[in-house]
Amino acid sequence: MSRIKGTTRVCGLIGNPVEHSMSPFIHNNLAKLCGLDLAYVTFKVEADDVKEAIGGAYVLNVLGMNVTVPHKQAVIETLCDIDPLANAIGAVNTLVRTNDGYKGYNTDILGLHRELIDADISLKDSKVIILGAGGASRAIAFLCAREGASEVHILNRTVEKAQIIATDVNTHLNTKVADGMALADHVKLNGSEYIVIQTSSVGLYPHVDDVVIEDDSFYKKAKVGVDIIYNPAETKFMKCMKANGKEAYNGLKMLLYQAVSAFELWNDMHVDENVIQQVYQLMQEELTSHE
Ligand code: ATR
């Protein structure tokens, strides 16, 4: 988007806080490179005002919204419709305008899925370990089970939270692949070739030397690691993976692809691969310039 005009459509992010978000940077660059008359802004919304904010956005003809912490669950009751996977996960991060109101999706999960496809990591018949049991872990556990992983072990400091996610996944998807374990129980996991997805907040800037599991024997059991953190660009978890000869990816592509998926839904279009690559490059430069 080069100039705001009378025809410019608005998309935005609701959450609290929102000031740190990279979404305006990503979406405004996508709009510019795709030649769309669209502007993306942030809206800081208090928990008590979510319903009013969404109703207001709809009557103001806002084209689409992203939703971030802490409103990803609360927003569900304001929707006219919800995507089945987002419904099962119980979290929505994207609202798409329809004639009856907003329909909710979870593009966080579409983002991770596209990142894994890019990295040539197939979930089908694979063994997965998910570190952490927050909102991201929950969405990822659903994705892994839905995509046909043969084992989904959720390891968390608070084991009960991991077990709740595992039970919900197994119940909703009518499977037995998921289980919840304590972090220290990684020693009980036999075999090798695990796909490890790091979803905890441990290792996030400025605590760049922290990692949930330090033990080399854990990393030896892995095939590949994905950290959903993108700042720092190489987390301690990724360093541990690489020190044991394994490939590791950060969460920057997941962030990009969740945005691309939302942008495609709002504008009913497919974003070209070369545009995606250009925005990825711009994101890397933007992050480096803030280091
Ligand atoms: P999100 O919703 O963004 O995925 P979250 O709900 O804040 O994130 O969850 C953060 C995760 O990081 C949780 O799994 C948390 O473990 P607990 O459930 O035991 O709180 C994990 N986490 C945060 N700090 C941790 C630490 N110092 N050691 C181990 N795990 C930690």
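Everything below is about the structure shown above.
This text gives an overview of the structure that appears in the document. Everything quoted here is computed from the prediction, not taken from an experiment.

1. Details of the sheet that holds strand S11 (residues 222-227)
Piece 1. Strands sit in the order S9-S8-S7-S10-S11-S12 across an open sheet of 6 strands; the sheet is parallel. Edge strands, defined here as strands with exactly one partner in the open sheet, are strand S9 (178-182) and strand S12 (247-249). Put simply, the sheet's adjacent strands are angled 20° from each other on average, direction ignored.
Piece 2. Sheet topology places strand S7 (residues 127-131) next to strand S10 (residues 194-198); 5 bridges connect them, and they run parallel. Within S10, the residue paired with Val128 across the bridge is Ile195.

2. With respect to the packing of aromatic side chains
One pair of aromatic rings is described through two measures. These are the centre distance and the angle between the planes.
Piece 1. Overall, the coordinates contain 4 aromatic pairs when judged by the stated rule.
Piece 2. Look at Tyr58 and Tyr102: their rings are 5.3 Å apart centre to centre, the planes differ by 90°, and that puts the pair in the edge-to-face class. One end of the pair, Tyr58, is in helix H2 (residues 50-59); the other, Tyr102, is in strand S6 (residues 101-105), and 44 residues separate them in sequence.
Piece 3. Tyr58 gets classed as partly exposed once you look at its relative accessible area, which sits at 22%.
Piece 4. Each residue in the set Phe218, Tyr219 and Phe237 is aromatic and connected to the rest through ring pairs, giving one cluster.

3. Section: the sheet that holds S6
Piece 1. Spatial ordering of the open sheet is given by S2-S1-S3-S5-S6-S4, a layout of 6 strands whose pairing is mixed. Strands with a single pairing partner mark the edges of an open sheet, and in this sheet they are strand S2 (38-44) and strand S4 (81-82).
Piece 2. Pairing of strand S5 (residues 94-98) with S6 involves 5 bridges; the strand directions are antiparallel. Directly across from Arg97, in S6, lies its bridge partner Tyr102.
Piece 3. Its contacts with the sheet place helix H1 (residues 23-34) against S2 and strand S3 (64-67), and it is angled at close to 165° to S2.

4. Quick word on the pattern of salt bridges
Piece 1. Enumeration according to the criterion identifies 10 salt bridges in this entry.
Piece 2. Two residues, Asp125 and Lys124, come together in a salt bridge whose shortest N-O distance is 3.8 Å.

5. A short note on H1
Piece 1. The terminal C-alpha atoms of H1 lie 16 Å apart, and with 12 residues this matches the ideal 16 Å at 1.5 Å per residue to within 8%.
Piece 2. Those residues of H1 not exposed but buried are Ser23, Pro24, Ile26, His27, Asn29, Leu30 and Ala31.
Piece 3. Just beyond H1, the residue with positive phi is Gly35, at close to 70°.

Cut-offs used in this document
The residue count restarts for each chain, going from 1 along the sequence in the order it is written. Owing to the predicted nature of the model, reporting of local features is limited to residues with pLDDT of at least 70; listing and counting of side-chain atom pairs is limited to 80 or more, with chain, interface and lining totals taken over all residues. Heavy atoms throughout the structure, all of them, feed into the side-chain values; hydrogens and water do not. Note: two strands are recorded as paired if DSSP finds a minimum of 2 bridges between them. Helix and strand labels come from DSSP, where a helix needs a run of H or I of at least four residues and a strand needs a run of E of at least two; each type is numbered from the N terminus. Helix axes use the C-alpha atoms of the stretch in contact, all axes being lines fitted to C-alpha atoms, and the angles between their N-to-C directions lie in the range 0 to 180 degrees. In this scheme Phe, Tyr and Trp rings, the latter by its six-membered ring, pair at centre separations within 6.5 Å, and the angle between planes marks the pair as stacked below 30 degrees, edge-to-face above 60, and tilted otherwise. Each residue is placed in one exposure class: buried if its accessible area under a 1.4 Å probe, protein chains only, is under 20% of its type's maximum, exposed if it is over 50%, and partly exposed if it falls in between. Contact definition: two residues touch when any of their heavy atoms are within 4.5 Å. A pair is scored as a salt bridge if a Lys or Arg side-chain nitrogen falls within 4 Å of a carboxyl oxygen belonging to Asp or Glu. By definition here, a helix of n residues has an expected span of 1.5 Å times n minus one.

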